[in-house]
Amino acid sequence: MDSRSKLIAFAVLVASCSSVRGPGGGAVSGDASAEFRALYDSGFNHIMAAVPDNAQSLGLSPLQGLGRFRTQRVAWAGMKGNAYYAIEPGRSDGGWLVIVPSGSDVLKSMKSTLEMDPGPTVAAVLIKQEKVSEVWAGLFLTHELSHLADRVLKVEPPNPTRAQFLMGELRAYDLELMGADLVSAGRLRQHLDAILDRWQLESVASVTERCVHLGPPELAALNDAVPGGDPQSAAEARLRGGFFAAALVLRFSERNRLPDETVLDGLDRLLAVEPEPRTSVDPRPNLPLDLTAGMGRTLLGSDAPFARRSSAA
Ligand SMILES: [Zn+2]
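None of these values were measured; they are calculated from a predicted model.

A. Quick peek at the overall build of the protein. Secondary structure assignment for the protein yields 11 helices and five strands. For the protein, contacts bridging at least 24 residues in sequence account for 77% of all contacts bridging at least 6.

Pasting the structure below:
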């Protein structure tokens, strides 16, 4: 994991801290959006507060760098109709976080609770108003901020190849796992190891096949490892499920010192899995998956922070 950790660290370090411009600025309406902004902020702060001073020696500098990126280059924006407006001062070369208002047409095209704006004009993470617990809000945001950093810092080229896209997912899941393991004080990794020990599987392909059918006891153990209690919604359960599946693939790869291309192959297989429809009478313990976050993005560099959203949305 060294090469990509270094890449993240480098990319985040080169993010300069030039002057902050405030393009416009809108009044914060007293709607539910403000509560969601507070939830995601406090969740992310929770993760960052767990990063120790000696982060570098513990291999956690990418997470520390992501925290700096959030502080220096990312601001909240709101959405009115099909346009963004600033809620707090941001940067023309930065990224934005947006709580999508309920009733917005944008929701119809969103596949996941959090995802990048697919348009070429604005680097923004869109967030649905779906209930999530605080710590997990911070972890999901960690994942999306990694995608946002890739785009803002041009780590991922415009129109990435499948391999470059998967590399972006790998960086995002790496950071999310780093954060989750940190807030669980290492318990998450212990539980991942216990599951992998029990499975005794020998290839990434067999792990991806197995990890989308996690049983209730395995899911419960993984959920218990990370503070935050039960999922607050079906959407959160799906997002957690997708993360646990990716975490098993990453941990398996780490334990077996597999090369990046083999890990990417594992993620490729995982991201190709469609969530299986579940009914209330279906007793199968299929893992509800949400691995769609960040998929289908177009990555065209742009510095215009308040262009209208593309009509595709
Ligand atoms: Zn992603």
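B. Geometry of the confidence of the model for the protein. Taken residue by residue, the protein gives an average pLDDT of 80. The fraction at 70 or more is 77%. For the protein, helix 1 (residues 2-13) is the element with the lowest average pLDDT, namely 38, and helix 2 (residues 32-49) is the one with the highest, namely 97. Segment residues 1-29: pLDDT under 50, and 53 contacts once partners within four positions in sequence are set aside and those in other chains are kept. Under a pLDDT of 50 for its full length, residues 276-289 has, in the predicted model, 24 contacts with residues more than four places off or in other chains.

C. Focus on the sheet that holds strand 1 (residues 74-80). One open sheet holds the five strands; their spatial order is 2-1-3-5-4, and the pairing between them is mixed. Unpaired on one side and paired on the other, strand 2 (83-86) and strand 4 (114-116) mark the two borders of the sheet. Averaged over all neighbouring strand pairs, the angle between strand axes comes to 35°, with direction disregarded. Bridge count for strand 3 (residues 95-99) against strand 5 (residues 124-127) is four bridges, and the pairing is parallel.

D. Molecular detail of helix 2. Taking 1.5 Å of rise per residue, 18 residues should cover 26 Å, and helix 2 covers 26 Å from first to last C-alpha, within 8% of that figure. Among the residues of helix 2, Ser33, Phe36, Tyr40, Gly43, Phe44 and Ile47 are the ones counted as buried. Down the axis of helix 2, the smallest arc covering the buried residues is 95°, so these residues share one side. Residues of helix 2 that are exposed and point more than 90 degrees away from the buried face comprise Glu35, Ala38 and Ala49.

E. Region of interest: the packing of helix 3 (residues 61-73) against helix 5 (residues 134-152). It is at 10 Å that the axes of helix 3 and helix 5 come closest, and there the two elements cross at 65°. Between helix 3 and helix 5, the angle falls in the class roughly perpendicular. Handedness of the crossing formed by helix 3 with helix 5: left-handed. Across from Leu66, Phe69, Arg70 and Arg73 in helix 3, the residues of helix 5 making contact are Thr142, Leu145, Ser146, Ala149 and Val152.

F. Looking closely at the nonpolar core. Counting 77 residues, the largest nonpolar core has Trp96, Val98, Leu248 and Val249 as its most contacted members. The element that contributes the greatest number of residues to this core is helix 6 (residues 162-183), accounting for 12 residues. A domain-level breakdown of this core finds at least three residues from each of domain 1 (2-152) and domain 2 (162-271).

G. Structural context of the packing of helix 10 (residues 234-255) against helix 11 (residues 260-271). Viewed as axis vectors pointing N to C, helix 10 and helix 11 meet at an angle of 160°, and their least axial separation amounts to 10 Å. Considered as vectors, helix 10 and helix 11 are oriented roughly antiparallel to each other. Considering only the axes of helix 10 and helix 11, their crossing is right-handed. Facing Ala245, Ala246, Val249, Leu250 and Ser253 of helix 10, the residues of helix 11 in contact are Thr262, Val263, Gly266, Leu267 and Leu270. Of the residues belonging to the contact of helix 10 with helix 11, the class tally is seven nonpolar, three polar and no charged.

Each value, and the rule that gives it
Residues numbered from 1 in each chain as written. Predicted model: local features only at pLDDT ≥ 70, side-chain atom pairs only at ≥ 80, totals over all residues. Helix = DSSP H or I, 4+ residues; strand = E, 2+ residues; numbered from the N terminus. Contact = placed C-beta atoms within 7 Å. pLDDT = per-residue confidence, 0-100. Pairing = 2+ DSSP bridges. Axes fitted to C-alpha atoms, helices over the stretch in contact; angles between N-to-C directions. Expected span 1.5 Å × (residues − 1). Buried ≥ 20, exposed ≤ 12 C-beta atoms within 10 Å, placed from the backbone. Arc of directions from axis to C-beta. Parallel < 35°, antiparallel > 145°, perpendicular 65-115°, else oblique. Left-handed = near helix turned anticlockwise from the far one by under 90°. Core = buried A, V, L, I, M, F, W, Y, C linked by C-beta atoms within 7 Å. Domains from an automatic or database assignment. Nonpolar A, V, L, I, M, F, W, Y, C, P; charged D, E, K, R; others polar.

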